[in-house]
Amino acid sequence: MSAKTVVEVAALRALMGLPAPVQRVLAGPPLRRDGQTLAADLQLMLRIQRLVREPAIEALEIELGREAARRQTGLTAGRQPVGSVRDLDAGGLLARLYTPSAARGAVQTPGPLLVFFHGGGFFFGDLETHDATCRVLAERGRVRVLAVDYRLGPEHPFPAAHDDAVAAYRWVLDHAAELGADRDRIAVGGDSAGGNLSAWVALEAARAGLPLAWQLLVYPATDVTGETASKQMFGSGLFLTQEFMDLAVASYTPEESTRTDPRVAPLRADLPAGLAPAYVVTAGFDPLRDEGEAYAAKLAAAGVEVELRRFPDQIHGFLNIVGAGRTSRAAVDEIADQVRARLG
């Protein structure tokens, strides 16, 4: 981490750690839409980004955007403790296994395992952008977390990421013992594009009769071509923009005919019997909010055990804000508590 970045991190954490009333003054008038009020620490963070002219990822060349994503997530990640971390090869895919520390309670072997797929619109994101998040999920959730990398567009367009996700899950089942995992307590989860991949793995597991205990879908992308009120209300100025979504779609699904494929759009999929219970998380100020909640409703209508949790004051990407501010970390802690309750 460069000296400049160290200063930026310290400054941002200090500002986002100020008392809420002070943050509100610095952030400006409360942003209220659709009966919701944006968290003061997030509104302040977004204002700071505008003031320092932080470049939008979608405005950069792909590789520069990927570098920017790693740097930006690093600003709000913090140093999150966890028992141990090791990189491994998951059937040809880079993966990282997080094991909680004994200080959080006995680590069962074999025990529960969450297979995690990172977000990033299918064209950016990696093990580094979501490292801090996985540490929190493992340590507070008291479960092992296996984060799996996958191929990205535009270099590897659809269905590369979806094929990798299913292959990775099958690999985990075949190597459960060496991962310290109980095959009956393996779950899948992810955010945004990773939520989409997790939903697809769950659908494939049900069709194939593979064991899957639970699915964690955090603001999942479920219908890239669908028009929703949340896309119209929150597609500008709130981190995830319409321009970013357009670039993501063009990068991973350059052929328009693939954009309604049930792998890309699970909201359009036929749901098989035996789907794993789901915990669907959405953010109030997120363009993907409505499609995530529509998928939760679709699961419920099909008889799947599902719990929907909207964090009304949060934005898309809050899962990565675990080392700065208070409101996003509180939301992530709540999600980790659900992981522990459902798998531990």
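I will try to describe carefully the structure that is included in this document. What you see is a predicted model, and the numbers here were worked out from it, not measured in a lab.

Let's talk about helix 5 (residues 131-141)
Next up, step 1: Here helix 5 lies mainly inside the structure; nine of its 11 residues are buried.
Next up, step 2: When we look at burial in helix 5, the residues that qualify are D131, A132, T133, C134, V136, L137, A138, E139 and G141.
Next up, step 3: Buried residues along helix 5 sit in contact with strand 4 (93-99), strand 5 (111-117), strand 6 (144-148) and helix 12 (327-343).
Next up, step 4: R142, located one to two residues past helix 5, shows a positive phi value of around 60°.

Some details on the environment of D333
Next up, step 1: Along the chain, D333 falls in helix 12.
Next up, step 2: D333 sits in the buried class, given a relative accessible area of 15%.
Next up, step 3: Those residues within four positions of D333 in sequence are excluded, and the remaining contacts are V136 and R140.

Concerning the side chain of D290
Next up, step 1: Relative to the helices and strands, D290 resides in helix 11 (residues 289-301).
Next up, step 2: A polar contact is formed between the side chain of D290 and the backbone nitrogen of A229, at a distance of 3.5 Å.
Next up, step 3: Separated by 2.9 Å, the side chains of D290 and R289 make a polar contact.
Next up, step 4: For D290, the contacting residues outside a window of four places in its chain are T228, A229 and S230.

Remarks on the pairing of strand 10 (residues 306-315)
On any regular strand, side chains alternate: one points to one face of the sheet, the next to the other face.
Next up, step 1: As paired elements, strand 9 (residues 278-285) and strand 10 share seven bridges and run parallel to each other. What sits directly across from Y279, in strand 10, is E307.

Conventions used here
Residues numbered from 1 in each chain as written. Predicted model: local features only at pLDDT ≥ 70, side-chain atom pairs only at ≥ 80, totals over all residues. Heavy atoms only, no water. Buried < 20%, exposed > 50% of the residue type's maximum accessible area, 1.4 Å probe, protein only. Helix = DSSP H or I, 4+ residues; strand = E, 2+ residues; numbered from the N terminus. Contact = heavy atoms within 4.5 Å. Polar contact = N/O pair within 3.5 Å; in protein donor to acceptor, adjacent residues only side chain to side chain. Pairing = 2+ DSSP bridges.

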